[in-house]
Amino acid sequence: MAHELEMNEEGEASFVWRKEGGAPWHRLGKPVAGHQTAESILKMANADYEVELLPVRYITSSGDLLPMKDRFITARVDKDGETIPFEVVKDRYRIVQNEIVLEKALNVCGASKGDAVMDTCGVLRDGREFFATIDLGTLIIDPSGINDEIGRYLVVHTSHDGTTPITYANTDIRAVCKNTVRFGQNVAKAVMTARHTANFGKALEEANQVLQISTDWARSFKETAENLLSVTIPSGSKKIDTVLNGLWPEKDADTDGKMANREKTLMLVRGLFVNKKNAAGYGYNGWSLFNAVGEYYDHHWFDDLDRNAKAAMQIGNKSYQMKTKAADLILDLV
């Protein structure tokens, strides 16, 4: 799976990540510490370039060079004056610089008050796409009880070739590459977009919706988590069998090899359920079983650690589908 980050001639990625959030799976980019301003993180990520609209010209049969009235080329213009063309767009297309996209998100999220922190920032496909992650703070599940902590992020994403609108997605996925941007948007509880047209300004002025997105998502996720927490699942309970059989039906194991793999998977998930990261630490309940299934897909689905990390980032893949199904099966036990 390619990360699609821009790489310079020295093999350095146009990507910055905050040390406190941990290194990304691809281990590329520049680590930084603490709070960063939009200006500084854009510069460090080589994302402070400008994008311009250039006229499209054609040669007539008589040899005249004339501009097309309704077509333009989007192009990256670096500080050294180099121009890199991206794509032909219609005349209704409007450029929205990376700086504007990022600053609007930061202002809405209250970053100036210290309520949010720039976490990642990067350039994809040689500048055709820009993304960033804003850390909105940790969501605490059952603070007076298990006190479990869940990351909460706002992923910012846009393109300069007409393929992607300005997008703000609330998610628990930290964007570190192309696929985490996609996956984060896919699993987001709410997404706000603004197309690159004359109306983009109005859409961005309504970006207070982003803060509501964050609030609503946190409330919804916390409610689901605490509903899972309320489902009692004792060790050895038939409730575990109900959930695991729903996730890995015996009828699907129609060969000796599949049966052996199924038994191995069920045994592993049962072991994850009772360990200190789950039931032994947070009680014998639906939240612990849900996280055991998640831990299996995030860390044990494949034998290779990087392959597990990459698989967990892919859009709508089996990993995400099975986690969602696990939550539904557990809630159905009530």
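Bear in mind that the values here come from a model prediction, so they are computed numbers and not experimental data. Within every chain, residues take consecutive numbers counted from 1 along the sequence as written. Only residues with pLDDT of 70 or above have their local features reported here, since the model is predicted, and side-chain atom pairs are shown and tallied only from 80 upward, although totals for entire chains, interfaces and linings are computed over all residues. Only hydrogens and water are removed before side-chain values are computed, so all heavy atoms of the structure are retained for them.

Caption draft 1: Molecular detail of the overall build of the protein chain. Segments assigned H or I by DSSP are reported as helices when at least four residues long, segments assigned E as strands when at least two residues long, and all are numbered from the N terminus. Each helix and strand in the protein chain was counted, giving 11 helices and 12 strands. Buried residues are those whose accessible area, probed at 1.4 Å on protein chains only, stays under 20% of the maximum for their type, while exposed residues exceed 50% and partly exposed ones sit between those limits. With 334 residues in all, the protein chain has 45% of them scored as buried. Pairs at least 24 residues apart make up 56% of the contacts formed inside the protein chain by residues separated by at least 6 positions. A total of about 16700 Å² of accessible surface is found on the protein chain, and carbon and sulfur atoms cover 49% of it. Every residue pair with non-hydrogen atoms within 4.5 Å of one another is taken to be in contact. Surface accessibility in these figures is a Shrake-Rupley result with a 1.4 Å probe; residues are shielded only by whichever protein chains are displayed.

Caption draft 2: Looking closely at the pattern of salt bridges. By convention in these notes, a salt bridge is any Lys or Arg side-chain nitrogen within 4 Å of a carboxyl oxygen on Asp or Glu. Within the structure shown, the criterion is met by 13 salt bridges. We note a salt bridge from Asp161 to Arg125, for which the minimum N-O separation is 3.1 Å. Taken together, the residues span a long stretch of sequence, with Asp161 in the loop between β10 (153-159) and β11 (166-171) and Arg125 in the loop between β6 (117-124) and β7 (129-135) at a distance of 36 residues. We classify Arg125 as partly exposed; its relative accessible area is 28%. Here Lys258 ties to Asp254 by a salt bridge, and the two come within 3.4 Å at their closest N and O atoms. Judged by its relative accessible area of 54%, Asp254 falls in the exposed class.

Caption draft 3: The sheet that holds strand β4 (residues 65-77), seen in detail. Ordered by their spatial adjacency, three strands build an open sheet running β3-β4-β5, and the pairing between neighbours is antiparallel. Each end of this open sheet is capped by a strand with a single partner; those strands are β3 (50-59) and β5 (83-90). Across the sheet, the mean angle from the axis of one strand to that of its neighbour is 40°, orientation sign disregarded. If DSSP finds at least two bridges between two strands, the strands pair. Examined bridge by bridge, β3 and β4 share nine bridges and lie antiparallel to one another. From the neighbouring strand, Glu52 faces β4, where its bridge partner is Ala75. Axis geometry follows a simple rule: fit a line to the C-alpha atoms, using only the stretch in contact for helices, then measure angles between N-to-C directions, giving values from 0 to 180 degrees.

Caption draft 4: The arrangement of the pairing of β5 in detail. In this structure, β4 lies alongside β5, joined through seven bridges in antiparallel fashion. If you follow Ile73 over to β5, its bridge partner there is Val88. Linking two consecutive strands that pair antiparallel, namely β4 and β5, is a turn of five residues; a positive phi of about 95° is found at Gly81 within it.

Caption draft 5: Looking closely at unusual backbone geometry. One non-glycine residue, Arg125, adopts positive backbone phi at about 50°. Located in the positive-phi region is Asp126, a residue other than glycine, with phi close to 60°. Note that Asp126 resides in the loop between β6 and β7. Using a relative accessible area of 46% as the deciding quantity, one classes Asp126 as partly exposed.

Caption draft 6: How the structure looks around the side chain of Gln97. Position of Gln97 relative to the elements: it lies in the loop between β5 and α2 (98-108). Side-chain polar atoms of Gln97 contact the backbone oxygen of Val51, separated by 2.9 Å. If we ignore the near neighbours within four places in the chain, the residues touching Gln97 are Tyr49, Glu50 and Val51. Between N or O atoms, a polar contact is any pair within 3.5 Å; within protein, one atom must be a potential hydrogen donor and the other a potential acceptor, and residues adjacent in sequence are included only when both atoms are from side chains.

Caption draft 7: Region of the structure containing helix α9 (residues 286-300). The length a helix should cover is 1.5 Å for every residue beyond the first. Between its terminal C-alpha atoms α9 stretches 20 Å, which fits the 21 Å expected from 15 residues at 1.5 Å a residue. Buried residues dominate α9, accounting for 11 of its 15 residues. All of the buried residues along α9 are Gly286, Trp287, Ser288, Leu289, Phe290, Ala292, Val293, Gly294, Glu295, Tyr296 and Tyr297. Two or three places before Trp287, at the opening of α9, Asn285 has a side-chain oxygen 3.1 Å from that residue's backbone nitrogen.

Caption draft 8: Representation of a negative patch on the surface in the model. Patches in this entry comprise residues that are over 30% relatively accessible and not in a salt bridge; like charges within 9 Å are linked, as are nonpolar side chains (Val, Leu, Ile, Met, Phe, Trp, Tyr) within 5 Å. Neither His nor the chain termini are counted; the positive set is Lys and Arg, and the negative set is Asp and Glu. For charged residues, the charge sits on one atom: NZ in Lys, CZ in Arg, CG in Asp, CD in Glu. Side chains of Glu39, Glu50, Glu52, Glu99 and Glu103 sit close together on the surface and give a patch of like negative charge. Contributions of two or more residues to the negative patch are made by β3 and α2. Its location among the elements puts Glu103 in helix α2. According to the relative accessible area criterion, Glu103 is partly exposed, its value standing at 32%.

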